[in-house]
2 protein chains.
Amino acid sequence: MQNFVYHNPTRLVFGKGEIAKLGALIEKDRKIMLIFGGGSVKQNGVYEQVKAALKDRDAIEFWGVEPNPKIETLRKAIALAKEQKIDLFLAVGGGSVLDGTKLIAAGAVYEGDAWEIVLKGYADRSADYASVMTLSATGSEMNAGAVISRGETDEKFAFFSVKYPVFSILDPQTTYSIPSDQLANGLSDIFVHVLEQYMTSMGQSRLMDRWAEGIMQTIAEIAPKVLDNANDYKTRSDYMLSATLALNGMIAMGVTQDWTTHMIGHELTALTDIAHGATLAVIYPATLSVLRESKKDKILQYADRVWRINGESQNEIICKAIAATESFFRSLGLKTRLFEYGVGEGIIDKIVNRFEERKTILGENGDIDAAVVKKILLACK
Amino acid sequence: MQNFVYHNPTRLVFGKGEIAKLGALIEKDRKIMLIFGGGSVKQNGVYEQVKAALKDRDAIEFWGVEPNPKIETLRKAIALAKEQKIDLFLAVGGGSVLDGTKLIAAGAVYEGDAWEIVLKGYADRSADYASVMTLSATGSEMNAGAVISRGETDEKFAFFSVKYPVFSILDPQTTYSIPSDQLANGLSDIFVHVLEQYMTSMGQSRLMDRWAEGIMQTIAEIAPKVLDNANDYKTRSDYMLSATLALNGMIAMGVTQDWTTHMIGHELTALTDIAHGATLAVIYPATLSVLRESKKDKILQYADRVWRINGESQNEIICKAIAATESFFRSLGLKTRLFEYGVGEGIIDKIVNRFEERKTILGENGDIDAAVVKKILLACK
């Protein structure tokens, strides 16, 4: 096991009706900015619950943070926040709204242009922020990371805030009205979050392996029910909790990670607008296929423990495990090949060029360069 | 899933050589009390590492917190802390030293006698405290609970502090010199911590079930290596991490709990001085046996997932699961029957009388009273 520090101070407030407690979680003297996406919170009742809970508070509203939140939009919120001297930013929505909020909170106490924070990769200062989540999948509600896009250059990068959400309220009922394609993308995102922290060298931490497998087993079990039964509270609770615990550091203690699929996926979204979770369903099986030698032992463990796969040879088991992974994504209704999206060599070359130009090196052993990325993308065709 | 709040702000600093970072974790202006047990930290080098890391700091020492820390000892530390205006209490040792430190930190800012805090069950104020752990097993390094004894009345009660440890440093190398009987008690304690959060009604949280099972599988796998190989860093890392994650709230989200075995065990320790982990090995199989009907479905899941038990009938599987649990404790070298400790009806009656007098009701469904406790104790004979 590698040395590590685990420190996650977010207060997770989980369950039916918990949005009503919002007032008690925010000090009376805070000047609040409520940050929203496109308006679905007005249909599902979340907006009303938030407003009722904060009825006597000093709060302004900012609307319009889009999926894959764009710096162009966030700059407007930052300017407004500085003008209004906001000191608590409350995201009300899904992972994109919260990711945008993380940059707004950091940008509000930063003198330069907030895109500089994204390019640097971290914010060493930030105002306080918190969230009321509707769709959880990104795990943003209990970590310090965010992914921000820049429309004018089709770029998309992650950065880390110095602060975690002060609190995040998750009421599984808020997911009832989410369209099934977004739920499917969410399931894909959660599953791959776990894989990117798990599918590395063998034998680093028995317990982290078990916990990662536990989330994957849970997601595999509940996926059909999540997609079929909108108002099944039990299943939606398992879904929301799995999403949060998949990316809050609890399965990352003392182990290496390999975020290759996410890094390629971000480029694919930036260049094509394919939804984030959907890109992962295309890329992950190909990543596993290309890296099957270096990840062999872990794939065998994954095959046995997550999918209960048997076989006459290691080769057969590995092939079956990769096939099972692709089948799982297809069972969500997701495409798993680039051609199904009409993505061809042109986009592949653009992505590979970006990795080449940036000299990006990925993988838990630092051996995945642009040439390997190209192999992975060609295997997605 | 039940509604819940998860909030654990402790900074967990884990790995080889991490004690050297102690200085960076404590603000320069703190007035520190170092709190120790009987002196084993002088043999294993931990004392020297701590002193070296804090060489230019304002720190006094308090020695002599015993296993099952006694209020009579802790009162002395509290008096000294008040006199010296201590504002950070650093436990250096195992779970007992840290439990004692939690009461010292609370008592230092409490006007009355600290035993009142224990009887009340919680401290609503506390000074800051932190830990450098040697033996971890109690999970105290990442929670707010503590168990305190009173020598003059043979009483032992748990209380909860309003504060969590600011940080806890865990270097698995510090466990190398721990005697094997203490390691065995620790393994038993960890395993039963998990069971008391797991063995309740079925179907509350798929993920919490998986994570609890993951800790139990890990402990079952590593137990022989923990006991046989003192200097096996990998195994000791798994051991230490499992201990911490077994009782820091991470497997308790949204699920009911049943601490019957611990509550009976505390009385047994208070009246006989049998070590805490050792009492659990005696009581847990009997608890399972007496409650086999109400916990039937969960025992079947536990049998399948933790022990891979098959059988022709549910009854057979449950019998085998209870036997496997008792065998596991015996494999640690622990006794599993009261007669092996020479404990007879006299002690059993005393314990049952205490539950009767206090009108204690236990169990996730609130149906375990003194009469059921008696059945459990008789089943331990």
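Reference entry: report on the structure contained in this document. (Residues numbered from 1 in each chain as written. Chains lettered and ligands numbered in written order. Predicted model: local features only at pLDDT ≥ 70, side-chain atom pairs only at ≥ 80, totals over all residues.)

Thoughts on the pairing of strand β10 (residues 167-170) of chain A
Residues and elements named next belong to chain A.
Here comes step 1: Every second residue of β10 is oriented toward a common face, with Phe167 and Ile169 on one face and Ser168 and Leu170 on the other, all of them buried.
Here comes step 2: Looking at chain direction, strand β2 (residues 11-14) and β10 are connected through four bridges and run parallel. Paired with Leu12 across the bridge in β10 is Ser168.
Here comes step 3: Two strands pair when backbone bridges link them, and strand β7 (residues 128-133) and β10 are joined in this way by three bridges, in the parallel orientation. Its bridge partner lying in β10, Met133 is registered against Leu170. (Buried ≥ 20, exposed ≤ 12 C-beta atoms within 10 Å, placed from the backbone. Helix = DSSP H or I, 4+ residues; strand = E, 2+ residues; numbered from the N terminus. Pairing = 2+ DSSP bridges.)

Observations concerning unusual backbone geometry
Most peptide bonds adopt trans geometry, and most residues besides glycine take a negative phi value.
Here comes step 1: Residue Arg308 of chain A is not a glycine yet carries a positive backbone phi of 55°.
Here comes step 2: One can find Arg308 of chain A in the loop between α12 (296-307) and α13 (314-331).

A look at the pairing of β7 of chain A
All names here are of chain A.
Here comes step 1: For β7, the tally of buried residues reaches five of six residues, placing the bulk of the element in the interior.
Here comes step 2: Here strand β5 (residues 88-93) runs beside β7; their pairing, made up of six bridges, is parallel. Along β7, the bridge assignment pairs Val92 with Val132.

Digging into the nonpolar core
Here comes step 1: In this structure, Ile35 and Val92 of chain A together with Ile35 and Val92 of chain B are the most contacted members of the largest nonpolar core, which totals 244 residues.
Here comes step 2: Sequence-distant contacts of Ile35 of chain A, that is, excluding residues within four places in its chain, are made with Phe62, Val65, Ala77, Phe89, Leu90, Ala91, Val92, Val97, Gly100, Thr101 and Ile104 of chain A. (Core = buried A, V, L, I, M, F, W, Y, C linked by C-beta atoms within 7 Å. Contact = placed C-beta atoms within 7 Å.)

Description of the relation of the copies chain A and chain B
Here comes step 1: Once turned by 180° and shifted 0.0 Å along the axis, chain A lies on chain B with an RMSD of 0.0 Å. Given the turn and translation reported, the copies of this chain are related as if by a two-fold rotation axis. When C-alpha positions in chain A are compared against the rotation axis, the closest is assigned to Pro9 of chain A, at 2.2 Å.
Here comes step 2: Taken together, the interface assignments show that 100% of the residues at the interface of chain A recur at the interface of chain B, consistent with an identical surface on both copies. (Least-squares fit on C-alpha atoms with pLDDT ≥ 70 in both.)

A word on the interface of chain A and chain B
Here comes step 1: Taken together, the contacts link 35 residues of chain A with 35 residues of chain B.
Here comes step 2: Elements with a minimum of two residues in the side of chain A that touches chain B: β1 (4-6), β2, α8 (206-228) and α9 (233-245) of chain A.
Here comes step 3: Class assignment for the residues of the side of chain A that touches chain B results in 16 nonpolar, eleven polar and eight charged.
Here comes step 4: The pairing of β1 of chain A with strand β2 (residues 11-14) of chain B spans three bridges and is classified as antiparallel. Bridge pairing links Val5 of chain A to Val13 of chain B in β2 of chain B. (Nonpolar A, V, L, I, M, F, W, Y, C, P; charged D, E, K, R; others polar.)

Some words on the sheet that holds β5 of chain A
Here comes step 1: Here we have seven strands laid out as an open sheet, ordered β4(A)-β3(A)-β5(A)-β7(A)-β10(A)-β2(A)-β1(B), and mixed in their pairing. Among the strands making up the open sheet, the edge pair consists of β4 (59-62) of chain A together with β1 (4-6) of chain B. Each strand axis lies, on average, 15° off the axis of its neighbour in the sheet, ignoring direction.
Here comes step 2: When strand β3 (residues 32-36) of chain A meets β5 of chain A, the two strands line up parallel, connected through five bridges. Across the sheet, the residue bridging to Ile32 of chain A is Leu88 of chain A, located in β5 of chain A. (Axes fitted to C-alpha atoms, helices over the stretch in contact; angles between N-to-C directions.)

Details of the packing of α12 of chain A against α13 of chain A
Two quantities define a packed helix pair, namely the angle between the helix axes and the distance between the axes.
Residues and elements named next belong to chain A.
Here comes step 1: Across the interface, α12 lies against α13 with an axial gap of 9 Å and an inter-helix angle of 65°. In this structure, α12 meets α13 at a crossing whose hand is left-handed. Judged by residue contacts, Lys296, Ile299, Leu300, Tyr302, Ala303 and Trp307 of α12 engage Gln314, Ile317, Ile318, Lys320, Ala321 and Ala324 from α13.
Here comes step 2: For the contact of α12 with α13, the class distribution of residues is nine nonpolar, one polar and two charged. (Left-handed = near helix turned anticlockwise from the far one by under 90°.)

Some thoughts on the environment of Ser168 of chain B
Residues and elements named next belong to chain B.
Here comes step 1: Among the secondary structure elements, Ser168 is positioned in strand β10 (residues 167-170).
Here comes step 2: Between the alpha carbons of Ser168 and Leu12 there is a distance of 5.2 Å; along the sequence they are 156 residues apart.
Here comes step 3: Leave out the neighbours within four places in its chain, and Ser168 touches Thr10, Leu12, Val13, Ala130, Ser131, Met133, Glu141 and Met142.

Side note on the sheet that holds strand β3 (residues 32-36) of chain B
Here comes step 1: The seven strands are arranged β1(A)-β2(B)-β10(B)-β7(B)-β5(B)-β3(B)-β4(B) in an open sheet whose pairing can be described as mixed. This sheet does not close on itself; its edge strands, each paired only once, are β1 of chain A together with β4 (59-62) of chain B. Looking at each pair of strands side by side, their axes are set apart by 15° on average, direction ignored.
Here comes step 2: Sitting on the sheet, helix α5 (residues 95-107) of chain B is in contact with β3, β5 (88-93) and β7 (128-133) of chain B, with an inclination near 165° to β5 of chain B.

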